[in-house]
Amino acid sequence: MWTAAAAVTLFLLSACAQPTAAGAPSTGPSPDSSSAPATGDGDALVLRVSSAGGFVPPSAIVGRLPETSVYADGRVIFNGPVTLSYPGPALPNLQWGTISPATLQQLLDKAVAAGVKPGTDFGQPGVADAPTTEVTVVTAAGERTVGAVALREARPDDPQLTKAQQQARTKLRTFVDELGDLTTKLTTGEPQQYKPEVIAGIVQPYVEPADQPGRPRTVEWPGPALPGEPLNPDLKLSCVTATGEQRDAVLAAAKDATATTPWVWANNGWSVLLRPLLPDETGCADLKAAR
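In this report, we go over the structure that sits alongside the text. (Residues numbered from 1 in each chain as written. Predicted model: local features only at pLDDT ≥ 70, side-chain atom pairs only at ≥ 80, totals over all residues. Heavy atoms only, no water.)

**Points about the overall build of the protein chain**
Within the protein chain, the secondary structure is distributed over 5 helices and 15 strands. Across the 291 residues in the protein chain, those meeting the buried criterion constitute 45%. In the protein chain, the proportion of contacts linking residues at least 24 apart, taken out of those at least 6 apart, comes to 70%. (Helix = DSSP H or I, 4+ residues; strand = E, 2+ residues; numbered from the N terminus. Buried < 20%, exposed > 50% of the residue type's maximum accessible area, 1.4 Å probe, protein only. Contact = heavy atoms within 4.5 Å.)

**Things to note about the environment of Gly123**
Its place among the elements puts Gly123 in the loop between helix 2 (101-113) and strand 7 (132-139). Excluding anything up to four places from it in sequence, Gly123 contacts Leu161, Gln165 and Arg169.

**Points about the packing of aromatic side chains**
Under the counting rule described, the total for this entry stands at 1 aromatic pair. Measuring from centroid to centroid gives 5.3 Å for Trp221 and Trp263, while their planes differ by 90 degrees, and the two rings are edge-to-face. Of the two residues, Trp221 is situated in the loop between strand 11 (219-220) and strand 12 (229-232) and Trp263 in strand 14 (residues 263-265); the sequence distance between them amounts to 42 residues. The residues Trp221 and Trp263 share a single accessibility class, namely buried. When the ring centre of Tyr71 is taken as reference, the NZ or CZ atom of Arg75 above it lies at 5.6 Å. (Phe/Tyr/Trp six-rings, centres within 6.5 Å; stacked < 30°, edge-to-face > 60°. Lys NZ or Arg CZ within 6 Å of the ring centre and 35° of its normal.)

**Comments concerning the state of the cysteines**
For the coordinates displayed, the defined rule picks out 1 disulfide. Across a sulfur-sulfur distance of 2.0 Å, Cys239 and Cys284 are joined as a disulfide pair. Between Cys239 and Cys284, the disulfide has an S-S torsion of -80 degrees and is therefore left-handed. You can see Cys239 sitting in strand 13 (residues 237-243) and its partner Cys284 sitting in helix 5 (residues 284-288), a full 45 residues away along the chain. (Disulfide = S-S within 2.5 Å.)

**Looking at the environment of Ile77**
Relative to the helices and strands, Ile77 resides in strand 5 (residues 75-79). Remark: the alpha-carbon pair of Ile77 and Glu67, spanning 10 residues in sequence, is separated by 8.4 Å. Not counting residues within four places of it along the chain, the set of residues in contact with Ile77 comprises Glu67, Thr68, Ser69, Tyr71, Leu94, Gln95, Trp96, Tyr194, Leu278 and Pro279.

**Some points on the sheet that holds strand 13**
Note on sheets: strands pair through backbone hydrogen bonds, and any given pair is parallel or antiparallel. Sheet architecture is open: 6 strands sit in the order 11-14-15-10-13-12, paired in mixed fashion. Edge positions in the open sheet fall to strand 11 and strand 12, since each of these has one partner strand only. By the bridge criterion, 6 bridges tie strand 10 (residues 198-205) to strand 13 in an arrangement that is antiparallel. Pairing of Ile199 across the sheet is with Ala242, part of strand 13. (Pairing = 2+ DSSP bridges.)

**Considerations on the pattern of salt bridges**
With the rule as written, the count across this model stands at 10 salt bridges. Where Arg152 meets Asp177, a salt bridge forms, and the shortest distance between an N and an O atom there is 2.7 Å. You can see Arg152 sitting in the loop between strand 8 (142-149) and helix 3 (163-186) and its partner Asp177 sitting in helix 3, a full 25 residues away along the chain. Notably, a salt bridge pairs Arg247 with Asp248, separated by 2.9 Å at the nearest N-O pair. Here the salt bridges do not stand alone but share partners, grouping Lys195, Glu197, Arg247 and Asp248 into one network. (Salt bridge = Lys/Arg side-chain N within 4 Å of Asp/Glu carboxyl O.)

**Remarks on the side chain of Ser69**
Along the chain, Ser69 turns up in strand 4 (residues 68-71). With a relative accessible area of 1%, Ser69 lands in the buried category. A distance of 2.8 Å separates a polar atom in the side chain of Ser69 from a polar atom in the side chain of Arg48. When sequence neighbours within four positions are dropped, the list of residues in contact with Ser69 reads Leu45, Leu47, Arg48, Arg75, Val76, Ile77 and Leu278. (Polar contact = N/O pair within 3.5 Å; in protein donor to acceptor, adjacent residues only side chain to side chain.)

What follows is the structure in structure tokens.
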């Protein structure tokens, strides 16, 4: 069985797409068909850990990135380290590396063993406003998603959870932690910044933050016309996407912006939460389904 301490073959791709080995491949039992990867192209998602819900602003819920996404070709895209300064950068620190086919298979095996399958009961702890940790696995048996509310926030002795539910939550939390350890190893070499094919902007009229002295410096918006298409009438959010030269212009302008920067378009100020789209996402419609 693969563990976080076991030596694995991890590759970091350089700008010239030359992999650098990090460790040696581990061996293990042959996978059964239930956890074999689903067939498909390299952009096919096979494993994801993400958060849903919680007490955060609507724009943050819609624009929230998964913690880790693993694809059929072995790419791993994950949230890199962030500074604690306020306001934070305009762009999230998305990074990526690759893992070997053997390591990919071991991850799928471990996810299924950790309870990412029908019938697993994680219970409902007595914690309010906590996010739900969701884990999705896509194998030849189909797509499976499980969710555990307050996976990290709930007390080990929460009286609303049975012993079996506590054990199930421990197994899932251990797997999520091990996946996090793997992404840490992927950054031990030269980190690779993820550059999206498409970048989305979650747009709303600019409102000056109450906890920030003075008005931040404005930046001219170089992308598509704002505010874009409505995302959800109840949330009063809209969305735009940029590709090609417009994408490059937005990424360049974001280097001089922060999370609270007023973006100016047609003499109006807008708050724009920049959200790189992942390989399995194509446009704003993917964000409409966000919770």
